[in-house]
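These are the residues of each chain, in order.
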Protein chains: 4
Amino acid sequence: MKRIAVLTSGGDAPGMNAAIRAIVRTGLDKGWEMFGVHNGYAGLISGEIMPLGARDVGGIIQKGGTMLGSARCREFETEEGRRKALTQMEQQGIGGLIVIGGNGSQTGAYELSRMGFPVVGVASTIDNDLYGSDITIGVQTAMDVALEAIDRLKVTASSHHRAFLLEVMGRKCGYLALMAGIAGGAEAIMIPEQKTDPEVVAADLRAAYDNGKAHAIIVVAEGAQNNADGMAQYFQIHRERLGFELRVTKLGHVQRGGSPGSFDRILGTQLGAAATESLEKGNKGVLMGMIKGEITATPLDVVVENKKDLDLRLLELAKVLAK
Amino acid sequence: MKRIAVLTSGGDAPGMNAAIRAIVRTGLDKGWEMFGVHNGYAGLISGEIMPLGARDVGGIIQKGGTMLGSARCREFETEEGRRKALTQMEQQGIGGLIVIGGNGSQTGAYELSRMGFPVVGVASTIDNDLYGSDITIGVQTAMDVALEAIDRLKVTASSHHRAFLLEVMGRKCGYLALMAGIAGGAEAIMIPEQKTDPEVVAADLRAAYDNGKAHAIIVVAEGAQNNADGMAQYFQIHRERLGFELRVTKLGHVQRGGSPGSFDRILGTQLGAAATESLEKGNKGVLMGMIKGEITATPLDVVVENKKDLDLRLLELAKVLAK
Amino acid sequence: MKRIAVLTSGGDAPGMNAAIRAIVRTGLDKGWEMFGVHNGYAGLISGEIMPLGARDVGGIIQKGGTMLGSARCREFETEEGRRKALTQMEQQGIGGLIVIGGNGSQTGAYELSRMGFPVVGVASTIDNDLYGSDITIGVQTAMDVALEAIDRLKVTASSHHRAFLLEVMGRKCGYLALMAGIAGGAEAIMIPEQKTDPEVVAADLRAAYDNGKAHAIIVVAEGAQNNADGMAQYFQIHRERLGFELRVTKLGHVQRGGSPGSFDRILGTQLGAAATESLEKGNKGVLMGMIKGEITATPLDVVVENKKDLDLRLLELAKVLAK
Amino acid sequence: MKRIAVLTSGGDAPGMNAAIRAIVRTGLDKGWEMFGVHNGYAGLISGEIMPLGARDVGGIIQKGGTMLGSARCREFETEEGRRKALTQMEQQGIGGLIVIGGNGSQTGAYELSRMGFPVVGVASTIDNDLYGSDITIGVQTAMDVALEAIDRLKVTASSHHRAFLLEVMGRKCGYLALMAGIAGGAEAIMIPEQKTDPEVVAADLRAAYDNGKAHAIIVVAEGAQNNADGMAQYFQIHRERLGFELRVTKLGHVQRGGSPGSFDRILGTQLGAAATESLEKGNKGVLMGMIKGEITATPLDVVVENKKDLDLRLLELAKVLAK
């Protein structure tokens, strides 16, 4: 009988639990014994590996975060750390590992795979910066949380003729800011992938104001060249350029903690089920992701060596729509 | 200068307003004059056609329903009715029409197109039964509303060891029920595309109960062979087969009225923008939809003559996951 | 050292967990040992009594339902059943009991109290039909869930000029229907406390329609003389009297399962803390409730013998506001 | 026939629209002509006074913000400004004014009242710092929005053993922070009404960590002595004292913009209806608020001269519950 373990690593994302549940239950259905590793690679090194039955993953599909916990782990970046992890798995008879996470996590998965261990990755990060999946588990829910904040800001902005600046997550990737900005009908969107001159933003908002708009929303990615604090300071000084009074909101980790929406639960479920399927077929060293609407396996070396591009045409569309 | 009109027809769907907004604003950006038709084809026949400026579609992206109103219209099914509609558009100098809606609406669009009028369709129905778009505007939000109900039923079900039967929309299509059921972790899913013997459902639930499950959720599509009322009656009689007490919830039109989530707003925005783009390029008589993650134009005759299939492998997966 | 047990009984209500948490943690703070009884009075009879530490009630305040489970129990209505319960508590050294629940539950608490056992009740039922508390734990959240459904129905109703009939919970009490109806701006509200002639409702809606209203919402209490099915049938026959097409939604237990809002969490917390305080002071045989904005102890015999009245002036106000 | 105007002033609050609707419709029911003033006292001075019919206030009860707009107005603080306002009302034949708002707004109402004009106030501010109403329109919804953020932070905090600091609104009043903190089960709450030593907070959180808590949430009122930035900086330096990594969220105006919950809609409706009732009876120069669960009129001079106290026993309870 096969023994397969699953871990979640890096930042948590809504839908990770759906993936864990699907992995455990489809694994059990194949006659395997399933295990969960606590606290990511750190727990793999220290041997926090527990058996998981069908009931253990009951009642988790609707929960944000990850029931297995997560942690960043320096030690696993060293070969010595990874050897310890392999030894732990060997001692418990674990014959395969599924790693749910984003860029850093899949780099770790790739390293384990290179050392000959059967690993399959599942694409999950709210930043959507992982090559090998057009959209990763957690993105849609994080976007909906940011969107809810935009909707609420617009309500109060309309009542007072104000401008609001909302900083959203995404690390070096502007996807979340761009899409939330489009969905929220933001008047300006600032992302790391494109330089934006504060003067231009100010002129655009001024134009919106003069055009009769009752409010203005600026969505700024945390990784943008001019972040929220910088922009707030700029507009503090150049208030007259704006037409509106400006206020700042930083959602921070609130974006991570939403209950996963249907999209992320289904994506998590499908990628999780595909991961055990892939292991069963002997197709290892790959990342399960969704490309062009289909579940796809991309070799981990390809995942690690490539960078996902952001479609900047959407930014152009956003500008047309903000008029 | 071109004059283009937009209408929404059939059942309303969350995200229709995002499409209207995108159509109007991208149209204006092309230098066109834009018009809105009230109450669908009925308004087209009676000439309820009003100019729409950029500000008229402000503050609607976050709203469910359709700002243009909708109605079913028998008269438009006759050639005489359609001639009246053409005359109305001619009198107002309208040179192109964008129709946002589902099956019936796109059949109307096709008929107009056959009569030589430039029409482009935008795929929108919460039933997801329209050929030419893997997912249509409104489906994801309707699914999230149904999912929220499932999550709440599970909470109270756990406290009382009960079974709940939730009837969801979808007309003759089981997509909404199937996906909401998977996302909600339902113990049983009943859809029109597959016969389900109540005895088998009862046995499955009994097994779940004996397996230690604290609750059971059955999701039934309104179009399933055994609908909610039928199943409730069956279990009333055969209570002992179930292990749980059974209660029924019928969400009804609550599923239509949610504020559109980010997915539907972005899909609505993209399909709306693609529709004006298509008209500009002279690519008419087509439906704008999303196929394999890409915005695609499918000829309306192909749309009308084909039926979208439901992927029944997901139903098999749902059964494995419910264990 | 004192040993105190807590149980939840009858229908679950959002906020029960907040009360359990407050009872356990304030009890522990007084130096007591705390216990939880599973599945209400049934568990008290069968001895499902477990110790509860501070961590055991962590992470529950945001959850609907009750972590202790609940059940209706016929046996406890007999003196023999109650004697068994007393014996179980005696054997475990339990010296006091806190009962969280509504009418039936507090009747049970009263009976135990009459037999000499120290009992304190905590007022909790979504029906708001319990004497001794102007508002009980769970009502506000259940109302918010019903309200959310009304808001969504209004969205789709506006798009289609339709009428919707929403049946809400409350057993023989119209409070939930009345308040949700006022908060939702319903055009008609039907409650058990007042006979309503379907003809009058039809005339009111017809007037609303003629007045230019784009939609009509009728909120019907499940205990009203003419319930949802009856009204739907009536309007099926007399469609022309309405002006609108009519659709029906039955939320059912969805109303119970919401995550408790701030009101119910704070009320649950305050009543729970007051219950241990009351036991400490030797003030037993009472129900902790909120009367005129203050936490109050009402003797259980007074609670059991009285019926809470519904303020029908609000129904008059609702009619003025619906115009 | 009487002509009565209504305005909203100061910060917008969810539920203001319910009050406007109730004022307009109950006023019309009394046979009065009703008017709305745009943009608060500024609009009163400049004469932005429009008639409001029953349909004009349709479809607003579910919306946050205020349909009448609001603005702060320096000019109204001068007697000259107020004389202009009186002249405007005289010219339009307005014989009475209803002012929906908080402290500053009711001070303005009091000044107008002293000049002999019939004014009635309606208590509305999310800060809950207004004497004459135990709870004001908007507080409960703002609390629910803050609570939702806390719930989400707890999810991600649990997955990563982190501490989160959430800054909530309330100006100089700690009510919102205190109540959201209790409802969210926060480990520490910092409010303006009580000095809190960062060292003590650090020690408490350290204790929570050592006690096995998986996360820690600190809720800080924006008006607290040590605000979010100060605390974040402190913990940056003294990281080891905490046991957890710390992250900051600033909700800002997101708290204002929620769709009003049932509590605020009903409170707004009741206070609005009571305001026209009070004017009809000639009881003017008063604030309509809710005291001990009853609708009450408090003379505006009493409102202006008194400060509402915060019940600090709840802070003590919060500490016991956080253990």
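Quick caveat: nothing in here was measured; it's all calculated off a predicted structure.

Scoring rules and cut-offs
Residues numbered from 1 in each chain as written. Chains lettered and ligands numbered in written order. Predicted model: local features only at pLDDT ≥ 70, side-chain atom pairs only at ≥ 80, totals over all residues. Heavy atoms only, no water. Helix = DSSP H or I, 4+ residues; strand = E, 2+ residues; numbered from the N terminus. Rg over C-alpha atoms; globule rule 2.2 N^0.38 Å. Contact = heavy atoms within 4.5 Å. Areas by Shrake-Rupley, 256 points an atom, 1.4 Å probe, with all protein chains shown as cover. Lys, Arg positive; Asp, Glu negative; His and termini not counted. Charge placed at Lys NZ, Arg CZ, Asp CG, Glu CD. UniProt positions renumbered as here; feature names shortened; annotations may be inferred. Phe/Tyr/Trp six-rings, centres within 6.5 Å; stacked < 30°, edge-to-face > 60°. Buried < 20%, exposed > 50% of the residue type's maximum accessible area, 1.4 Å probe, protein only. Least-squares fit on C-alpha atoms with pLDDT ≥ 70 in both. Salt bridge = Lys/Arg side-chain N within 4 Å of Asp/Glu carboxyl O. pLDDT = per-residue confidence, 0-100. Domains from an automatic or database assignment. Buried area = accessible area lost by both parts, 1.4 Å probe. Polar contact = N/O pair within 3.5 Å; in protein donor to acceptor, adjacent residues only side chain to side chain. Nonpolar A, V, L, I, M, F, W, Y, C, P; charged D, E, K, R; others polar. Pairing = 2+ DSSP bridges. Axes fitted to C-alpha atoms, helices over the stretch in contact; angles between N-to-C directions. Parallel < 35°, antiparallel > 145°, perpendicular 65-115°, else oblique. Left-handed = near helix turned anticlockwise from the far one by under 90°. Core = buried A, V, L, I, M, F, W, Y, C linked by side-chain atoms within 4.5 Å.

Trainee: Just checking my understanding: could you explain the overall build of chain A for this structure?
Mentor: Of regular secondary structure, chain A possesses eleven helices and eleven strands. For 323 residues, the compact-globule formula gives about 20 Å, and the C-alpha radius of gyration of chain A, at 22 Å, lands near that figure. Principal axes of the C-alpha set define a box for chain A whose edges measure 70 × 35 × 35 Å. Across chain A, contacts joining residues at least 24 apart in sequence account for 75% of those joining residues at least 6 apart. Accessible surface, chain A: about 11200 Å² in total, of which carbon and sulfur atoms supply 47%. With 35 positive and 37 negative side-chain charges, chain A shows a separation of 2 Å between the mean positions of the two kinds.

Trainee: What should I look at first to understand the UniProt feature "active site" (unreviewed entry) in chain A in this one?
Mentor: Residue and element names in this part refer to chain A. According to UniProt, the "active site" (unreviewed entry) feature falls on Asp127. Inspection of the secondary structure puts Asp127 in the loop between strand 5 (119–123) and helix 5 (139–160). If near-sequence neighbours (up to four positions away) are discounted, Asp127 is found in contact with Gly170, Arg171, Cys173 and Tyr175.

Trainee: What am I meant to see in the packing of aromatic side chains here?
Mentor: Both the distance between ring centres and the angle between the ring planes are used here to describe each pair of aromatic rings. Residues and elements named next belong to chain A. For the structure shown, the criterion picks out ten aromatic pairs over all chains. Where Tyr41 meets Phe76, the ring centres are 3.9 Å apart and the plane angle is 10 degrees; that geometry is what we call stacked. In this pair, Tyr41 sits in helix 2 (residues 40–46) while Phe76 sits in the loop between strand 3 (49–51) and helix 3 (79–91), placing the two residues 35 residues apart along the sequence. Residues Tyr41 and Phe76 agree in their burial class; the two are buried.

Trainee: Looking at this model, I keep getting lost on the relation of the copies chain B and chain A. Mind explaining?
Mentor: The two chain copies are connected by a rotation around an axis plus a translation along it. By a simple turn and slide, chain B fits onto chain A: the slide is 0.0 Å along the axis, the RMSD is 0.0 Å, and the turn is 180 degrees. Classification of the inter-copy transformation places it as that of a two-fold axis.

Trainee: Even after reading the chapter, I still don't get the pattern of salt bridges, so can you show me in this structure?
Mentor: When the charged atoms of two side chains with opposite charge come close together, those side chains can pair. For the structure on display, the rule yields 72 salt bridges over all chains. In this structure, the salt-bridge partner of Arg265(B) is Asp151(A), at a minimum N-O distance of 2.6 Å. Within this pair, whereas Arg265(B) is found in helix 9 (residues 262–280), its partner Asp151(A) is found in helix 5, the two belonging to separate chains. The exposure classification of Arg265(B) matches that of Asp151(A), with both residues buried. Note that Lys30(C) and Glu280(C) form a salt bridge whose closest N and O atoms lie 3.2 Å from each other. Of this pair, Lys30(C) sits in the loop between helix 1 (16–29) and strand 2 (33–37) while Glu280(C) sits in helix 9 (residues 262–280), placing them 250 residues apart in sequence. Shared partners join several salt bridges into a network, and the residues in it are Glu148(A), Arg152(A), Glu148(D) and Arg152(D).

Trainee: Please clarify how the confidence of the model for chain A should be interpreted in this entry.
Mentor: As a general rule, the predicted coordinates of low-pLDDT regions are not to be interpreted in detail. Averaged over all residues, the pLDDT of chain A equals 94, while 100% of them reach at least 70. Two summary scores accompany this predicted model of the complex, namely pTM at 0.96 and ipTM at 0.96.

Trainee: Please explain the domain arrangement of chain A as it appears in this structure.
Mentor: Note: interface size is frequently given as the accessible area lost on complex formation between the parts. Residues and elements named next belong to chain A. When the domains of chain A are assigned, the result is domain 1 (3–138 + 260–305) and domain 2 (140–256). Inter-centroid distance (C-alpha atoms) of domain 1 to domain 2 is 34 Å. Taken together, the contact pairs 13 residues of domain 1 with ten residues of domain 2. Interface of domain 1 and domain 2: buried area, both sides summed, is about 1200 Å²; carbon and sulfur atoms make up 48% of it. Scanning the region where domain 1 abuts domain 2 turns up two salt bridges. Summed over the shared surface of domain 1 and domain 2, the result is eight residue pairs in polar contact (both at pLDDT 80 or more). The class makeup of the residues in the side of domain 1 that touches domain 2 is five nonpolar, four polar and four charged.

Trainee: I tried to follow the interface of chain B and chain A on my own but got confused; where do I start?
Mentor: In this assembly, 42 residues from chain B lie in contact with 42 residues from chain A. Buried surface at the junction of chain B and chain A, summed over both partners, amounts to about 3400 Å²; 56% is from carbon and sulfur atoms. Here chain B and chain A share four salt bridges between them. Seen at the junction of chain B and chain A, the total is 14 residue pairs in polar contact (both at pLDDT 80 or more). Elements with a contribution of two residues or more to the side of chain B that touches chain A: helix 1 (16–29), helix 5 (139–160), helix 6 (175–184), helix 9 and helix 11 (313–321) of chain B. Looking at which element gives the most residues to the side of chain B that touches chain A, the answer is helix 9 of chain B, with seven residues. Per-class residue counts for the side of chain B that touches chain A are 17 nonpolar, 13 polar and twelve charged.

Trainee: Help me understand the UniProt feature "domain: Phosphofructokinase" (unreviewed entry) in chain A, please; the structure alone is not making it clear to me.
Mentor: UniProt records the feature "domain: Phosphofructokinase" (unreviewed entry) at residues 3–278 of chain A, using the numbering of this structure. The span residues 3–278 of chain A is 43% helical and 17% strand by assignment, and the distance between its end C-alpha atoms comes to 15 Å.

Trainee: Sorry if this is basic, but what is going on with the pairing of strand 1 (residues 3–8) of chain D here?
Mentor: Here is the key point about a regular strand: its side chains alternate between the two faces of the sheet. Residues and elements named next belong to chain D. Where burial is concerned, most of strand 1 is hidden: five out of the six residues are buried. Strand direction decides the pairing type here: strand 1 and strand 4 (residues 96–101), joined by five bridges, are parallel. Each residue of the ladder has a partner; that of Ile4, found in strand 4, is Gly96.

Trainee: I keep staring at the pairing of strand 11 (residues 294–299) of chain B and nothing clicks. Help me out?
Mentor: All names here are of chain B. In this sheet, strand 11 lies alongside strand 10 (residues 286–291) in antiparallel orientation, the contact comprising six bridges. When the sheet's bridge partners are listed, Leu287 is paired in strand 11 with Thr298. Taking the residues that link successive antiparallel strands as the turn, the strand 10-strand 11 hairpin has two residues, and the phi of Lys292 there is positive, at about 50 degrees.

Trainee: Looking at this structure, I do not really get the sheet that holds strand 11 of chain B. What am I missing?
Mentor: Residue and element names in this part refer to chain B. What the seven strands build is an open sheet, ordered 3-2-1-4-5-10-11; its pairing is mixed. Unpaired on one side and paired on the other, strand 3 (49–51) and strand 11 mark the two borders of the sheet. Taken over all neighbouring pairs, the strand axes of this sheet differ in orientation by 25 degrees on average, direction set aside. Running at roughly 160 degrees to strand 4 (residues 96–101), helix 1 makes contact with strand 1 (3–8), strand 2 (33–37), strand 4 and strand 5 (119–123) of the sheet. Those strands touched by helix 9 are strand 1, strand 4, strand 5, strand 10 and strand 11, and its axis lies near 140 degrees from that of strand 10.

Trainee: Sorry if this is basic, but what is going on with the side chain of Thr156(B) here?
Mentor: Mapping Thr156(B) onto the fold places it in helix 5. When neighbours within four sequence positions are excluded, Thr156(B) is seen to be in contact with Phe164(B), Asp12(C), His253(C) and Arg256(C).

Trainee: Is there a simple way to think about the packing of helix 6 (residues 175–184) of chain C against helix 11 (residues 313–321) of chain C in this case?
Mentor: The geometry of a pair of packed helices is captured by two quantities: the angle between their axes and the separation between those axes. Residue and element names in this part refer to chain C. Following both chains from N to C, one finds helix 6 and helix 11 inclined at 30 degrees, their axes separated by 10 Å at the closest point. Accordingly, the angle class assigned to the pair helix 6 and helix 11 is roughly parallel. Every pair of crossing elements has a handedness; the one defined by helix 6 and helix 11 is left-handed. Here Leu178, Met179 and Ile182 of helix 6 lie close against helix 11, whose contacting residues are Leu314, Leu315 and Ala318.

Trainee: Looking at this structure, how should I read the sheet that holds strand 2 (residues 33–37) of chain A?
Mentor: Picture the strands of a sheet paired through backbone hydrogen bonds; they go either parallel or antiparallel. Residues and elements named next belong to chain A. If you walk across this open sheet you meet the seven strands as 3-2-1-4-5-10-11, and the pairing is mixed. Two strands close off the open sheet at either side, each with one partner strand: strand 3 and strand 11 (294–299). When strand polarity is set aside, the average angle formed by the axes of neighbouring strands in this sheet is 25 degrees. Helix 4 (residues 103–114) rests against strand 4 (96–101), strand 5 and strand 10 (286–291) of the sheet, and its axis sits at about 160 degrees to strand 4. On top of the sheet, helix 9 (residues 262–280) reaches strand 1 (3–8), strand 4, strand 5, strand 10 and strand 11; it is set at about 140 degrees to strand 10, its chief contact.

Trainee: Could you clarify how one ought to interpret the environment of Ser159(B) in this entry?
Mentor: Secondary-structure assignment places Ser159(B) in helix 5. Counting along the chain gives 55 residues from Ser159(B) to Ala214(B), while the straight-line C-alpha distance between them is 7.9 Å. Residues contacting Ser159(B), with those up to four places away along its chain left out, are Asp12(C), Gly65(C), Thr66(C), Gly69(C) and Ser70(C).

Trainee: What exactly am I supposed to notice about the nonpolar core here?
Mentor: Nonpolar side chains in soluble globular proteins tend to be buried together. Of all hydrophobic cores here, the largest spans 351 residues; its most connected members are Ile218(A), Ile218(B) and Ile218(D). Aside from chain neighbours lying at most four places away, what touches Ile218(B) is Phe164(B), Leu165(B), Leu166(B), Ala188(B), Met190(B), Val201(B), Leu205(B), Phe235(B) and Leu246(B).

Trainee: What's the story with the packing of helix 9 of chain A against helix 5 of chain B in this structure? I'm lost.
Mentor: Where helix 9 of chain A meets helix 5 of chain B, the axes come as close as 9 Å, and the angle between the chain directions of the two elements is 85 degrees. Our classification of the angle between helix 9 of chain A and helix 5 of chain B gives roughly perpendicular. Contact residues: helix 9 of chain A offers Ser262(A), Phe263(A), Arg265(A) and Ile266(A), while helix 5 of chain B offers Gln140(B), Met143(B), Asp144(B), Leu147(B) and Asp151(B). Among the residues making up the contact of helix 9 of chain A with helix 5 of chain B, the classes are represented as four nonpolar, two polar and three charged.

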